[in-house]
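Coordinate inspection notes
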Amino acid sequence: MRFMHISDVHLGVKPDQGRAWSERRTQDIWDSFAEVIAVAARKKIEYLFITGDLFHAQPLKRELKEVGRLFEQIPQTKIFLIAGNHDYLQPKSYYLSYPWPDNVYFFPKEEVEAIDFPKDNITVYGLSYWHREIRERLYDEVRPANGKRINLFLAHGGDEKHIPCNPTTFVNNGFDYTMMGHIHKGGQLIPGKVTMAGALEPTDCNDFGPHGYWMGELEKGHCVLQFFPIQKCQYCVETFPVEQKTTGREVLEWARNLIQESEPYQLFRIQLKGYADPDMEFGLERIEALEQVLDVTCDILPNYDYEKLKEEHQNTLVEAYITSMQEMEQTNITKKALEYGVSALLGHQICR
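Residues numbered from 1 in each chain as written. Predicted model: local features only at pLDDT ≥ 70, side-chain atom pairs only at ≥ 80, totals over all residues. Heavy atoms only, no water.

Re the nonpolar core
Within the largest apolar cluster, 35 residues are counted, with the highest numbers of intra-cluster contacts made by Phe 33, Leu 54, Tyr 95 and Trp 100. Elements represented by at least two residues in this core include exactly β1 (2-6), α1 (22-42), β2 (47-51), α2 (61-72), β3 (78-82), β4 (104-106) and β11 (212-219). By residue number, the principal contributor to this core is α1, which donates seven residues. Contacts of Tyr 95, omitting those with residues within four sequence positions, involve Leu 54, Phe 55, Pro 59, Leu 64, Leu 81, Ala 83, Asp 87, Leu 89, Trp 100 and Phe 106. (Core = buried A, V, L, I, M, F, W, Y, C linked by side-chain atoms within 4.5 Å. Buried < 20%, exposed > 50% of the residue type's maximum accessible area, 1.4 Å probe, protein only. Helix = DSSP H or I, 4+ residues; strand = E, 2+ residues; numbered from the N terminus. Contact = heavy atoms within 4.5 Å.)

Spelled out as structure tokens, the structure:
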């Protein structure tokens, strides 16, 4: 059987609110989801599995209608859907009353259900969230009813607040293949046996690394799987190593060149790290104003000449503090304490 696996699409999310590109990012996520449906149609995918958080919150009627129309475009594909911790179910949720197309199989309960397809020799197990957090280990005791079937499990969570579980549990309990969601960084947790889909697109500036969908072929006891990236957006972290002679203009020019040489879909978090002249200003607001820059963080300390400082500040708290700290055993902690303490006493703030 040919299948696709996606998760954590978060339709309706508004990444980077307040930024010029925020509305575009919201539409990008919808467009990427539509691309998945188009690939399913083109590749004649038999099964599409969506393991939670299709929506960023309780879906609106119009959002469900948009998704429903997309699902209607691939009637040859059986689509399986569970609700995750973001789009968890409520008694009045439109999720429950929406008339899904005939090819959609939605798991409406907060207890594991099985949907059986004897002709395909496949059984799919799953459950939906009815709460934002579920701390019970709901997956641990679930075992396939018929070991001769190709038994698939759809799971969402894995941390202590969202159905804690160990990937090996699904294998030990007899499932042929488990598809998971919730963690936005994807990967094969157990090759050919358990896969965390990851987010289809990054939904905030901490979602680093590649995102996309999984596609593969599955038969009893064997799974071939491949990851396909979608790159409408990529969050990147770049670090500038600041030295004693580094100037604010040098950092600004570096940032401008970085953006000029980047791809249009890349958004940057800039880090400044190192030691600098205590009198230097770096103009962080000018860097943050650059297009494609999300924010700038600063981990810079003044590059002090402590002996010179003691001479300049004789018989003051600054001299006494430096002397007392130098008399201690020199570890990373005491060195940092000396640096931060002197900066505070002198009122130095490098990152400005």
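That covers the picture; the talk isn't over yet.
Looking at the layout of surface pockets
In this structure, the largest pocket encloses a volume near 260 Å³. Every residue lining the largest pocket is counted, 16 residues in all, and those nearest its centre are Gly 12, Thr 26, Trp 30, Arg 62 and Glu 63. In terms of residue count, α1 provides more of the lining of the largest pocket than any other element does, six residues in total. Looking at the lining of the largest pocket, its residues break down into five nonpolar, five polar and six charged. Around the second largest pocket, the lining comprises eleven residues; the ones closest to its centre are Pro 278, Tyr 304, Asp 305, Lys 308 and Leu 309. (1 Å grid on protein atoms, 1.4 Å probe; cavity = no way out; pocket = protein on both sides within 12 Å on 5 of 7 lines; lining within 4 Å. Points joined across faces, edges and corners; volume = space filled by probe spheres on them. Nonpolar A, V, L, I, M, F, W, Y, C, P; charged D, E, K, R; others polar.)

A word on the pattern of salt bridges
Where charged atoms from two side chains of opposite charge come close, those side chains can pair. The final tally for this structure, using the stated rule, is 17 salt bridges. In this structure, the salt-bridge partner of Arg 143 is Glu 141, at a minimum N-O distance of 3.6 Å. Judged by its relative accessible area of 47%, Arg 143 is partly exposed. When its relative accessible area of 63% is taken as the criterion, Glu 141 is described as exposed. A salt bridge links Glu 253 to Arg 256; its shortest N-O distance comes to 2.7 Å. Taken together, the residues Glu 253 and Arg 256, both in helix α5 (residues 248-260) and three residues apart, mark about one turn of the helix. When salt bridges with common partners are traced through the structure, they connect Arg 24, Arg 25, Asp 28 and Glu 201 into a single cluster. (Salt bridge = Lys/Arg side-chain N within 4 Å of Asp/Glu carboxyl O.)

Points about the packing of helix α8 (residues 317-326) against helix α9 (residues 332-346)
Their axes nearest at 10 Å, the elements α8 and α9 cross at an angle of 180°. Considered as vectors, α8 and α9 are oriented roughly antiparallel to each other. Contacts from Leu 317, Val 318, Tyr 321, Ile 322 and Met 325 of α8 reach α9 at Thr 334, Ala 337, Leu 338, Gly 341, Val 342, Leu 345 and Leu 346. In terms of residue class, the contact of α8 with α9 is built from ten nonpolar, two polar and no charged. (Axes fitted to C-alpha atoms, helices over the stretch in contact; angles between N-to-C directions. Parallel < 35°, antiparallel > 145°, perpendicular 65-115°, else oblique.)

Some remarks on the sheet that holds strand β12 (residues 222-229)
Taken in spatial order, the six strands make up an open sheet running β4-β3-β2-β1-β11-β12, and their pairing is mixed. Whereas interior strands pair on both sides, the edge strands pair on one side only; in this sheet they are β4 and β12. Taken pair by pair, the neighbouring strands of this sheet meet at an average axis angle of 20°, ignoring direction. Relative to β11, β1 runs antiparallel, the two sharing four bridges. Paired with His 5 across the strands is Trp 214, a residue of β11. Sitting on the sheet, α1 is in contact with β1, β2 and β11, with an inclination near 175° to β1. (Pairing = 2+ DSSP bridges.)

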